[in-house]
Amino acid sequence: MSEACAALPASAAVAVIGAGAMGAGIAQVAALAGHPVWLHDLRPGAAETAIAGIRAQIDKLAAKGRLTPERAAAASAALRAAGALDELRDAKLVVEAIVEDLEVKRALFTELEARLADDAILATNTSSISITAIGAALQRPERLVGLHFFNPAPLMPLVEVIAGRATDTAVADTVFATSAAWGKTPVRARSTPGFIVNRVARPFYAEGLRLLQEGVCDPATLDAVMRDAGGFRMGPCELMDLIGHDVNYAVTRSVFDAYYGDPRFAPSFVQLELVQAGHLGRKSGRGFYDYRDGAPKAEAATAGPQPRPWRIALNLGHPVGAALAKRMYASAAQPLQTLSSVADGRIATLDEHTAVFASDGRSATAIAAALGLPAVVTIDLMLDPATARRVAIGVSAHCTDVARDAVIGMLQSAGLAVSVLADSPGLAVLRTVAMLANEAFDAVHQQVCSLEAVDIAMRGGVNYPIGPVAWAQRIGLDRVLAALDHLHAHYGEPRYRASARLRHAVLASPRP
């Protein structure tokens, strides 16, 4: 059966087990799609309370004109609480959204299997537990599929449809079509640790934590660079504070353990220390940031104003050089010197001693040593150098303060806030994006999902500004591979090994 197979009809009853935030959100989505919906929870009164909350949300949407009164009334009327599992016997789809515990889920699905019709589909909203392992307890594991929503379910578009080893293709196809009919963006994944999003997203947190551990920058500066240069909606520190460090650390440990200690997924001592201190983020009042009343707001480290140097030779053959030239021409007080191309690929030359390069996964000091240059400043990756508000730079060991400030002045004259990071390979955005792309290619290499699915998943599930595969292609797969190889050479750790799929893609790319 293909992805074009029929979705469950709106007349098909849907049951949701678990009346927490996720279960209630799923119930709301199904009710708004026109299904009769039963909501069940073991806690007395929990389902009724959740339904009252869902109806209030539906009323708000109607009041704002996002729903017609008729659709709102029908969705509210479709919701009912089920006091016992026996009341769900006519459900055609049951979605479980309870505690993340394998044995508890197995016990629930065993009970459901005994009560439901043979053609009923069993779905689990698990974010990390193997679909195959859950289904192993069933007489008919082929009817079990993963249906992973993202919180808040009514707003987040992505749904991961996960097939276990025994999952019937027709079951996965029906759930895929049904979630699309509900207005969601489904992607297919194989049941492997972390599925797509929770696996591919690990470097976003891991590289940020590594930079903090090495003292490359502080949390506020890291977050500002990732937002204002990288285009991410939130930086890794503020996102981990929002998720909760206990939750984020537990997911990291789960993926790390499931992959038999693969160092790419290694947890961080920085985050462990926060968990041990009880600094779990927003919910505890403290994390990387202090959320208590009266606490001062942490500010990003931003270089003070510097004059624009008189002589700037920009390489218009480099995309960043061309973008900087355009930005500086708009407010130029002096003429700019431009170069059509430079043999060593530098972005700019300020004098006979100072050269500016795009970060390539090496430190500024390593580039200076390799090229025999006295002063090198590296510029971090920007999602769009024509519109970025901030950029991070690294400064080589023998670069003088005067040369550094001249580069800062050049970048400021292009309208960029500048954050000076400790000289580190790949700086912040490049190393994070390279690692995200590497993980994306490796997920495809291990047949977890398709190249298309991984980009859809990362944009729809965690709001990345562009999918990691598309981003790598925009940067240039060869540049991403070079950055990873440089990181691997610098650290000597398998954490930074390049995916075989990425390396093959580079070798297979058309040659100029």
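Trainee: Even after reading the chapter, I still don't get the overall build of the chain, so can you show me in this structure?
Mentor: When you go through the chain residue by residue, the secondary structure sums to 20 helices and 15 strands. Taking 512 residues into account, the globule formula puts the C-alpha radius of gyration at 24 Å, and the chain, at 26 Å, falls close to it. Along the longest, intermediate and shortest principal axes, the C-alpha atoms of the chain span 80 × 50 × 45 Å. Here the chain holds 512 residues, and the buried ones make up 54% of them. Here the analysis covers contacts within the chain between residues at least 6 apart in sequence; of these, 69% occur between residues at least 24 apart. Element-wise, carbon and sulfur atoms account for 55% of the exposed surface of the chain, whose accessible area totals about 21,200 Å². Measuring between centres, the 48 positive side-chain charges of the chain sit 3 Å from its 50 negative side-chain charges.

Trainee: Teacher, can you tell me more about the packing of helix H9 (residues 219-228) against helix H10 (residues 236-243) here?
Mentor: Each pair of packed helices can be summarised by the angle the axes make with each other and by the distance between the axes. Two numbers describe how H9 lies on H10: the axes approach to 7 Å, and their chain directions differ by 105°. In terms of axis orientation, H9 runs roughly perpendicular to H10. In contact with Pro-219, Leu-222, Asp-223, Met-226 and Arg-227 of H9, H10 contributes Pro-236, Cys-237 and Glu-238. In the contact of H9 with H10, the residues fall into 5 nonpolar, no polar and 3 charged.

Trainee: Teacher, can you tell me more about the sheet that holds strand S5 (residues 121-124) here?
Mentor: If you walk across this open sheet you meet the 8 strands as S3-S2-S1-S4-S5-S6-S7-S8, and the pairing is mixed. The two strands at the open ends of the sheet, each matched to only one other strand, are strand S3 (79-82) and strand S8 (185-190). The mean inter-strand angle of the sheet, taken between neighbouring strand axes irrespective of direction, is 25°. Relative to strand S4 (residues 93-96), strand S1 (residues 14-17) runs parallel, the two sharing 4 bridges. Residue pairing for S4: Val-14 is matched across the bridge by Leu-93. Across the sheet, helix H1 (residues 21-32) touches S1, strand S2 (37-40), S3, S4 and strand S6 (144-149), and the angle it forms with S2 is around 170°. Against the sheet, helix H3 (residues 69-78) engages S2 and S3, with an angle of about 10° to S3.

Trainee: Looking at this model, I keep getting lost on the packing of aromatic side chains. Mind explaining?
Mentor: Working definition: an aromatic ring pair is given by the centre-to-centre distance plus the angle between the planes. Tallied over the entire structure, the rule returns 7 aromatic pairs. Pairing Phe-232 with Tyr-464 gives two aromatic rings, centres 5.3 Å apart and planes at 90°, and the pair type is edge-to-face. Of this pair, Phe-232 sits in the loop between H9 and H10 while Tyr-464 is found in the loop between helix H17 (451-462) and helix H18 (468-475), placing the two residues 232 residues apart along the sequence. Of the residues examined, Phe-232 reaches a relative accessible area of 3% and is grouped as buried. The class for Tyr-464 is buried, based on a relative accessible area of 7%. Chaining the aromatic ring pairs together yields one cluster made of Phe-204, Tyr-205, Phe-232, Tyr-464 and Trp-471. The positively charged end of Arg-188 is found above the aromatic ring belonging to Phe-176, 4.6 Å away from the centroid.

Trainee: How should I be thinking about the pattern of salt bridges in this particular structure?
Mentor: Two side chains of opposite charge can pair, provided their charged atoms sit close to one another. For the structure shown, the criterion picks out 29 salt bridges. Here Asp-119 ties to Lys-92 by a salt bridge, and the two come within 3.4 Å at their closest N and O atoms. Note that Asp-119 is positioned in the loop between helix H4 (102-115) and S5 and Lys-92 in the loop between S3 and S4, a separation of 27 residues in sequence. Judged by relative accessible area, Lys-92 falls into the partly exposed class, the value being 30%. Notably, a salt bridge pairs Asp-485 with Arg-503, separated by 2.9 Å at the nearest N-O pair. Here the residue Asp-485 occupies a position in helix H19 (residues 477-491), and Arg-503 occupies one in helix H20 (residues 500-508), the gap between them amounting to 18 residues.

Trainee: Help me understand the nonpolar core in this model?
Mentor: Nonpolar side chains tend to gather and get buried jointly when the protein is soluble and globular. If you look at the biggest cluster of nonpolar residues, it comprises 119 residues, and the most contacted ones within it are Leu-112, Ile-196, Leu-324, Ile-379, Met-410 and Leu-411. Ranked by size, the runner-up nonpolar core spans 41 residues in total, among them Ala-47, Ile-54, Leu-67 and Ala-75.

Trainee: Mind showing me how you'd approach the state of the cysteines here?
Mentor: Among covalent bonds in proteins, the disulfide is the one between the sulfur atoms of two cysteines. Tallied over the entire structure, the rule returns 0 disulfides. The thiol sulfur of Cys-217 is not disulfide-bonded, and the nearest other cysteine sulfur, from Cys-237, lies at 7.6 Å. The class of Cys-217 is buried, set by a relative accessible area of 14%.

Trainee: I keep staring at the pairing of S8 and nothing clicks. Help me out?
Mentor: Each regular strand shows side chains that alternate between the opposite faces of the sheet. Pairing geometry for strand S7 (residues 158-163) and S8, over 6 bridges, is parallel. Across the sheet, Ala-163 pairs through a bridge with Arg-190, a residue of S8.

Trainee: Can you help me understand unusual backbone geometry in this one?
Mentor: Most peptide bonds take the trans form, and the phi angle of most residues other than glycine is negative. The residue after Asn-151, namely Pro-152, is reached through a cis peptide bond having omega 0°. Looking at the secondary structure, you find Pro-152 in the loop between S6 and S7. With a phi angle near 55°, Tyr-260 is a residue other than glycine that sits in the positive phi range. With respect to the element layout, Tyr-260 can be found in the loop between helix H11 (245-258) and helix H12 (269-277). Non-glycine residue Asn-463 carries a positive phi angle of around 60°. Note on placement: Asn-463 falls in the loop between H17 and H18.

The rules behind the values
- Residues numbered from 1 in each chain as written.
- Predicted model: local features only at pLDDT ≥ 70, side-chain atom pairs only at ≥ 80, totals over all residues.
- Heavy atoms only, no water.
- Helix = DSSP H or I, 4+ residues; strand = E, 2+ residues; numbered from the N terminus.
- Rg over C-alpha atoms; globule rule 2.2 N^0.38 Å.
- Buried < 20%, exposed > 50% of the residue type's maximum accessible area, 1.4 Å probe, protein only.
- Contact = heavy atoms within 4.5 Å.
- Areas by Shrake-Rupley, 256 points an atom, 1.4 Å probe, with all protein chains shown as cover.
- Lys, Arg positive; Asp, Glu negative; His and termini not counted.
- Charge placed at Lys NZ, Arg CZ, Asp CG, Glu CD.
- Axes fitted to C-alpha atoms, helices over the stretch in contact; angles between N-to-C directions.
- Parallel < 35°, antiparallel > 145°, perpendicular 65-115°, else oblique.
- Nonpolar A, V, L, I, M, F, W, Y, C, P; charged D, E, K, R; others polar.
- Pairing = 2+ DSSP bridges.
- Phe/Tyr/Trp six-rings, centres within 6.5 Å; stacked < 30°, edge-to-face > 60°.
- Lys NZ or Arg CZ within 6 Å of the ring centre and 35° of its normal.
- Salt bridge = Lys/Arg side-chain N within 4 Å of Asp/Glu carboxyl O.
- Core = buried A, V, L, I, M, F, W, Y, C linked by side-chain atoms within 4.5 Å.
- Disulfide = S-S within 2.5 Å.

By themselves, these figures tell us nothing about what the structure is for.
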